[in-house]
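Observations on the model geometry
Here is what each chain is made of, one letter per residue.
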Amino acid sequence: MNPNKALWEKGDFTQVAATMRESGEELVNKLGITKGMKVLDLGCGDGTTAIPEARLGADVTGVDIAANLVAAGNARAKAEGLGQCRFYEGDATDLHELKNGSFDAVVSIFGAMFAPKPFDVAKEMVRVTRPGGKIIMGNWIPGDPTLVAQILKISSAYTPPPPEGFVSPMLWGIEANVTERFKSAGINEENISFTKESFTFKAPYAPANFVQVFKNYYGPTMNAFEAAEKNNKSDELQHELEALFNDQNTGGEQNTNIKATFLKVTVVK
């Protein structure tokens, strides 16, 4: 089985995505999406940004590698009566089922960054975007002191080293790497721009409970706990994550409200 597919079908990312709904909608509302636009939401999960895009009247195609998240996204779209929002299984490194230049915008918020073969990912995103269209990515930043970068950093200390040839998804959070990837796909450097923005995770429960959500439902954290358990270090990992979540929480003892910084990439084809 494709290891990336296995990772994202592990657990149930919808449990984490539930804390991302409000910020997902706020982010989409600033992207300039209008009625009738054809949008590809790549690495869409269960629709954190795809559903709000469809609410604005866009014709949305969501693509994700995880079958369970595709099913959850289609169920959400159906429940809201969003017939112009459809989710499919697919791989960001090879979107052969999608025609050249068929989308006005390609959006990937914390999605395509986790696919392997980043140069292939950039090439495919550019290929399916029409001339004059936009690609918008949201990518976590390596070494950033805020939540997600720190979760991944802490977790990596407990897991075995990655296989030879592995390219860290966090390199999508470095401007020079992003520029190199899109230039190799035929984009002029002046058509690539960056801003740093924040995304807030909100949950009606304490930060310690939020740690449990990651532990039980988020593939990378699940893998970290499984590896830590083998070395009798799961309590140590738990303690580190709880300290991180508590330190960054601004929601009080019984609610979670944690901001995370990300790199917003805008590419004009």
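Residues numbered from 1 in each chain as written. Predicted model: local features only at pLDDT ≥ 70, side-chain atom pairs only at ≥ 80, totals over all residues. Heavy atoms only, no water.

The name an unreviewed UniProt entry gives the protein chain is Class I SAM-dependent methyltransferase, with Mucilaginibacter rubeus as the organism.

On to the nonpolar core. Counting 85 residues, the largest nonpolar core has Trp140, Phe182, Phe201 and Phe245 as the members making the most contacts within it. Leave out the neighbours within four places in its chain, and phenylalanine 201 touches Val16, Thr19, Met20, Trp140, Leu147, Val148, Phe210, Thr256, Asn257, Ile258 and Ala260. (Core = buried A, V, L, I, M, F, W, Y, C linked by side-chain atoms within 4.5 Å. Buried < 20%, exposed > 50% of the residue type's maximum accessible area, 1.4 Å probe, protein only. Contact = heavy atoms within 4.5 Å.)

With that out of the way, let us pick up the pairing of strand β7 (residues 256-268). The pairing of strand β5 (residues 129-140) with β7 spans 7 bridges and is classified as antiparallel. Bridge pairing links glycine 138 to lysine 264 in β7. In this structure, strand β6 (residues 192-203) lies alongside β7, joined through 12 bridges in antiparallel fashion. Residue pairing across strands places phenylalanine 199 opposite alanine 260, the latter belonging to β7. (Pairing = 2+ DSSP bridges. Helix = DSSP H or I, 4+ residues; strand = E, 2+ residues; numbered from the N terminus.)

Inspection of the entire model under this criterion finds 1 cavity of 30 Å³ or more. What lines the largest cavity is a set of 33 residues, among which Phe13, Gly43, Phe110, Gly111 and Phe114 lie closest to the centre. Residues of the lining of the largest cavity, tallied by class, amount to 22 nonpolar, 7 polar and 4 charged. (1 Å grid on protein atoms, 1.4 Å probe; cavity = no way out; pocket = protein on both sides within 12 Å on 5 of 7 lines; lining within 4 Å. Points joined across faces, edges and corners; volume = space filled by probe spheres on them. Nonpolar A, V, L, I, M, F, W, Y, C, P; charged D, E, K, R; others polar.)

The next thing to look at is the packing of helix α9 (residues 207-217) against helix α11 (residues 234-248). The angle between the axes and the distance between the axes are what describe a pair of packed helices. Close contact between α9 and α11 brings their axes to 9 Å; oriented N to C, the two are set at 130°. What the angle tells us is that α9 and α11 run oblique. In this structure, α9 meets α11 at a crossing whose hand is right-handed. Every residue of α11 that contacts α9 at Pro207, Ala208, Phe210, Val211, Gln212, Phe214 and Lys215 is listed here: Gln238, Leu241, Glu242, Phe245 and Asn246. When the residues that make up the contact of α9 with α11 are grouped by side-chain class, the tally is 7 nonpolar, 3 polar and 2 charged. (Axes fitted to C-alpha atoms, helices over the stretch in contact; angles between N-to-C directions. Parallel < 35°, antiparallel > 145°, perpendicular 65-115°, else oblique. Left-handed = near helix turned anticlockwise from the far one by under 90°.)

With that out of the way, let us pick up unusual backbone geometry. Of note in this structure, lysine 117 is not a glycine but carries a positive phi near 55°. Its location among the elements puts lysine 117 in the loop between β4 (103-109) and α6 (118-128). For lysine 117, a relative accessible area of 54% translates into the label exposed. Its identity as a non-glycine residue notwithstanding, asparagine 232 has a phi of 55°, on the positive side. You can see asparagine 232 is positioned in the loop between α10 (219-230) and α11.

This part takes up the side chain of threonine 179. Its location among the elements puts threonine 179 in helix α8 (residues 175-184). For threonine 179, the residues in contact, after removing those within four places along its chain, are Glu189, Ile192 and Phe194.

Right, let's get into the UniProt feature "domain: Methyltransferase type" (unreviewed entry) in the protein chain. The UniProt entry lists residues 40-137 under the feature "domain: Methyltransferase type" (unreviewed entry), expressed in the numbering used here. Spanning residues 40-137, this segment combines 31% helix with 31% strand, and its end C-alpha atoms are found 12 Å apart. (UniProt positions renumbered as here; feature names shortened; annotations may be inferred.)

Here the focus is helix α7 (residues 147-156). Among the 10 residues in α7, 8 count as buried, and that is most of the element. Restricting attention to buried positions, one finds in α7 the residues Leu147, Val148, Ala149, Gln150, Ile151, Leu152, Ile154 and Ser155. Turning to α7, the residues buried within the fold contact β5, β6, α9, α10, α11 and β7.

Looking at the largest pocket, its volume works out to about 1,100 Å³. Looking at the largest pocket, it is lined by 35 residues, and the ones nearest its centre are Leu7, Pro162, Pro163, Phe166 and Pro169. Of all the secondary-structure elements, those providing two or more residues to the lining of the largest pocket are α1 (3-9), α7 and α10. The element best represented in the lining of the largest pocket is α7, accounting for 5 residues. Its residues placed into classes, the lining of the largest pocket shows 22 nonpolar, 9 polar and 4 charged.

In this section: the sheet that holds strand β3 (residues 85-89). Pairing is mixed in the open sheet, where 7 strands are placed in the order β3-β2-β1-β4-β5-β7-β6. With partners counted over all chains shown, the strands left at the sheet margins are β3 and β6, one partner each. Ignoring strand direction, the axes of neighbouring strands in this sheet form an average angle of 20°. Note: β4 against β5, 6 bridges, orientation parallel. Looking at β5, one finds that serine 108 is bridged to methionine 137. Contacts from helix α3 (residues 21-28) reach β4, β6 and β7, with the element oriented near 150° to β6.

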